[in-house]
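# Examining the three-dimensional arrangement
Now for the letters of each chain:
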Amino acid sequence: MIFLQREFMAAVCMSLLTALFAVNVSDLSEEAGLLPRLLICFMAGVNVLQYVLALYRRGGSNLLEALKGYPFPLVLKLFALTLAYIAVLLPLGFYAASFLYFWAGSLLANPTPLNGRIVAQRALGCALFVGGLWLLFSWGLGVLIPLGEIWP
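Here the structure is a predicted model, which is why all the values come from computation and not from measurement. (Residues numbered from 1 in each chain as written. Predicted model: local features only at pLDDT ≥ 70, side-chain atom pairs only at ≥ 80, totals over all residues. Heavy atoms only, no water.)

### What to know about the side chain of Ser106
Inspection of the secondary structure puts Ser106 in helix 5 (residues 94-108). Ignoring sequence-local partners within four residues, the contact set of Ser106 consists of Arg122 and Cys126. (Helix = DSSP H or I, 4+ residues; strand = E, 2+ residues; numbered from the N terminus. Contact = heavy atoms within 4.5 Å.)

### Re helix 6 (residues 116-140)
Here helix 6 spans 34 Å end to end across 25 residues, near enough to the 36 Å set by a 1.5 Å rise per residue. Those residues of helix 6 lying buried are Ile118, Ala123, Cys126, Val130, Leu133 and Phe137. One or two residues past the end of helix 6 sits Gly142, with phi positive at roughly 70 degrees. (Expected span 1.5 Å × (residues − 1). Buried < 20%, exposed > 50% of the residue type's maximum accessible area, 1.4 Å probe, protein only.)

### What about the packing of helix 4 (residues 72-92) against helix 5?
One can describe the packing of helix 4 onto helix 5 by two numbers: an axis separation of 8 Å at closest approach and a directional angle of 170 degrees. Judged by the angle between their axes, helix 4 and helix 5 are roughly antiparallel. In this structure, the crossing between helix 4 and helix 5 has a hand that is right-handed. Along the contact surface, helix 4 presents Leu74, Lys77, Leu78, Leu81, Thr82, Tyr85, Val88, Leu89 and Leu92, while helix 5 presents Phe94, Ala96, Ala97, Ser98, Leu100, Tyr101, Ala104, Gly105 and Leu108. (Axes fitted to C-alpha atoms, helices over the stretch in contact; angles between N-to-C directions. Parallel < 35°, antiparallel > 145°, perpendicular 65-115°, else oblique. Left-handed = near helix turned anticlockwise from the far one by under 90°.)

In structure tokens, the structure reads:
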């Protein structure tokens, strides 16, 4: 019984990401770690559903057919990008690191060829999103997010 298909591989990748984030959240204080712990619980719940879906859809196809067409290079690039994001989060700070992560991730996952217009649109969209996060945390919730060691 081989059930190594797209859903299962996606579930494995999600498990790795959840574990990476869980390791970094363990050092946070109770108050600072509340939202990250809730997000990790949500990620774990979605991950369980991914495994259920993978087991439900397991087919009789062989391993090569199951893995055919799975975007392994893209998954590995995005996984490496996530590791880089985690590595630069403290030195650059949440906002600068998140902008770079979202921007690079949106450019990597873009199915169409890149041009200057797409790059600028993605940068603007990511800047607006990170700006919205800043407004939400700073003004809406009154929570100050550390800005980082390099980027003041």
